[in-house]
Amino acid sequence: MERYKNLSQIHIRQIGAFFLTGVCLLFCALFLASCKGKEDPAAPAEGEIAVSYINKDMTALVTETYELQSTGTVEQLMEVIDLWNETSQDLNRKSPLQMGFTVDGYLLDGKNLTIEVGADYKRLSRSEEVLIRAALVRTLTQIKGVSSLSINVEKEPLTDSAGYLYGAMTPDMFIDSNGGEINNYDEVTLRLYFANDTGDRLVAVNQRIFRNTNTSMERLIVEELVDGPSGSTGKPVLQEKTRVISVMITDGTCYVNLSSDFLSGCNGVTPEVTLYAVVDSLAELSNIYRVQFLVEGSTDHMYQESMDLNLTYTRNLDIVE
């Protein structure tokens, strides 16, 4: 295992992949094809790789077939990184390494490659960060001897907004359940309900979300409630460590299955506000009339000793300011 400030310092020898720490849950899923939804070209021939860039609209990845000039793992990694670091005259694409953050070094351990980045990486927008990860993983794992990638931010493993580690990432994390690449993204406006300043009533917030179209709207709504408001209006209503296990709709009832962190409540917010924030937000969808909460798959819980999760809940606008 060796650490390098710059790949140009690596001596010629066989090593494994960069390390990009943290296990990606679903959220995982990411941007893959061209900005106009074109299919990727045929698989590159031997000695070639498909190098990913970010399109000018920051909505998807575009790829370019590149013929590698070197043969060793390390040399090929150096070659691709140098390619990304070149100043491009193509205004239709952006390099994932030229997105306003610093790369402080690399760590190669077996077949796992870690990229060390500075604190400015945390200031990237959600869509930018996801695209960057997708481009890095999809490109560098094509190099023989590299099978996974990780990112450390200021020497700490990268985590999602709930604090969960993304882990070492592999290309199959960017493939949907049907085996196709996830490449359709759009921007939607959700009407979400968060807590008011005193935590005893709800306020409605129209929040614009950049989303993967393979993620259902109902799941997206719950995940956004966990993330909290993006602006200055409203307070979070769910414990930030809450993990969304599943969200599904059957006959007008939406079943929201959350991790046990949900039961610890949200500081300064009443139990009614928390539950009805979820219910009222989901009820904005025309096919949802009731919400059933589950914790780790079970309804046999009392939320904050006052709300029975065996019951289903319907829209309550009386609690909205």
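Residues numbered from 1 in each chain as written. Predicted model: local features only at pLDDT ≥ 70, side-chain atom pairs only at ≥ 80, totals over all residues. Heavy atoms only, no water.

Caption draft 1: Layout of the sheet that holds strand E13 (residues 290-295). The strand order across the open sheet built from four strands is E11-E12-E13-E16, with neighbouring strands paired in mixed fashion. The open sheet has two edge strands, strand E11 (244-250) and strand E16 (312-313), and neither has a second partner. Sheet topology note: the E11/strand E12 (residues 253-258) ladder contains six bridges and is antiparallel. When the sheet's bridge partners are listed, Thr 250 is paired in E12 with Thr 253. Each of E11 and E12 is contacted by helix H3 (residues 217-227), which is oriented at about 140° to E11, the strand it contacts most. Across the sheet, helix H4 (residues 271-282) is in contact with E12, E13 and E16; its angle to E13 comes to roughly 135°. (Pairing = 2+ DSSP bridges. Helix = DSSP H or I, 4+ residues; strand = E, 2+ residues; numbered from the N terminus. Contact = heavy atoms within 4.5 Å. Axes fitted to C-alpha atoms, helices over the stretch in contact; angles between N-to-C directions.)

Caption draft 2: Layout of helix H2 (residues 126-140). Given a rise of 1.5 Å per residue, 15 residues ought to cover 21 Å, and the 21 Å separating the end C-alpha atoms of H2 matches this to within 8%. Within H2, 13 of the 15 residues are buried, which leaves it mostly tucked inside the rest of the structure. (Expected span 1.5 Å × (residues − 1). Buried < 20%, exposed > 50% of the residue type's maximum accessible area, 1.4 Å probe, protein only.)

Caption draft 3: Molecular detail of the environment of Leu 158. By the secondary structure assignment, Leu 158 is in the loop between strand E8 (156-157) and strand E9 (185-195). Overall, Leu 158 belongs to the buried group, its relative accessible area being 9%. Residues Leu 158 and Lys 122, spaced 36 residues apart in sequence, show a C-alpha to C-alpha distance of 9.3 Å.

Caption draft 4: Spatial organisation of the sheet that holds strand E3 (residues 61-67). Sheet architecture is open: three strands sit in the order E3-E2-E4, paired in antiparallel fashion. Unpaired on one side and paired on the other, E3 and strand E4 (93-94) mark the two borders of the sheet. Here seven bridges tie strand E2 (residues 48-55) to E3, and the two strands are oriented antiparallel to one another. By the bridge assignment, Ala 50 is partnered in E3 with Thr 65. Of the strands in this sheet, E2 and E3 touch helix H1 (residues 73-85), which is tilted by about 30° from E2. Across the sheet, H2 touches E2 and E3, and the angle it forms with E2 is around 175°.

Caption draft 5: Molecular detail of the environment of Thr 250. The topology assignment puts Thr 250 in strand E11. Judged by relative accessible area, which is 34%, Thr 250 ranks as partly exposed. Taking the C-alpha atoms as reference points, Thr 250 and Ile 288, separated by 38 residues in sequence, lie 8.9 Å from one another.

Caption draft 6: Quick peek at the packing of aromatic side chains. Using the criterion set out here, one finds five aromatic pairs in the structure. Both rings, one in Phe 101 and one in Tyr 121, keep their centres 5.2 Å apart while their planes meet at 90°; by these two values the pair is edge-to-face. Taken as a pair, Phe 101 in the loop between E4 and strand E5 (103-109) and Tyr 121 in the loop between strand E6 (112-117) and H2 lie far apart in primary sequence, 20 residues in all. What makes Phe 101 buried here is its relative accessible area of 8%. Taking the relative accessible area as the measure of exposure, Tyr 121 reaches 2% and is therefore buried. Ring geometry for Phe 293 and Tyr 313: centres 6.3 Å apart, planes at 70°, overall edge-to-face. Of this pair, Phe 293 sits in strand E13 while Tyr 313 sits in strand E16, placing them 20 residues apart in sequence. For Phe 293, a relative accessible area of 0% puts it in the buried group. We classify Tyr 313 as buried; its relative accessible area is 9%. Feature note: the residues Phe 262, Tyr 276, Phe 293, Tyr 303 and Tyr 313 constitute an aromatic cluster, connected by ring pairs. (Phe/Tyr/Trp six-rings, centres within 6.5 Å; stacked < 30°, edge-to-face > 60°.)

Caption draft 7: Up close: the pairing of E13. The buried count for E13 comes to five of six residues, which makes it a mostly enclosed element. Strand direction decides the pairing type here: E12 and E13, joined by six bridges, are parallel. Pairing of Thr 253 across the sheet is with Arg 290, part of E13. On the question of chirality, the crossover connecting E12 to the parallel E13 by way of H4 is right-handed. When E13 meets E16, the two strands line up antiparallel, connected through two bridges. Across the sheet, Val 291 pairs through a bridge with Tyr 313, a residue of E16. (Right-handed = clockwise from strand over helix to strand, strands pointing away.)

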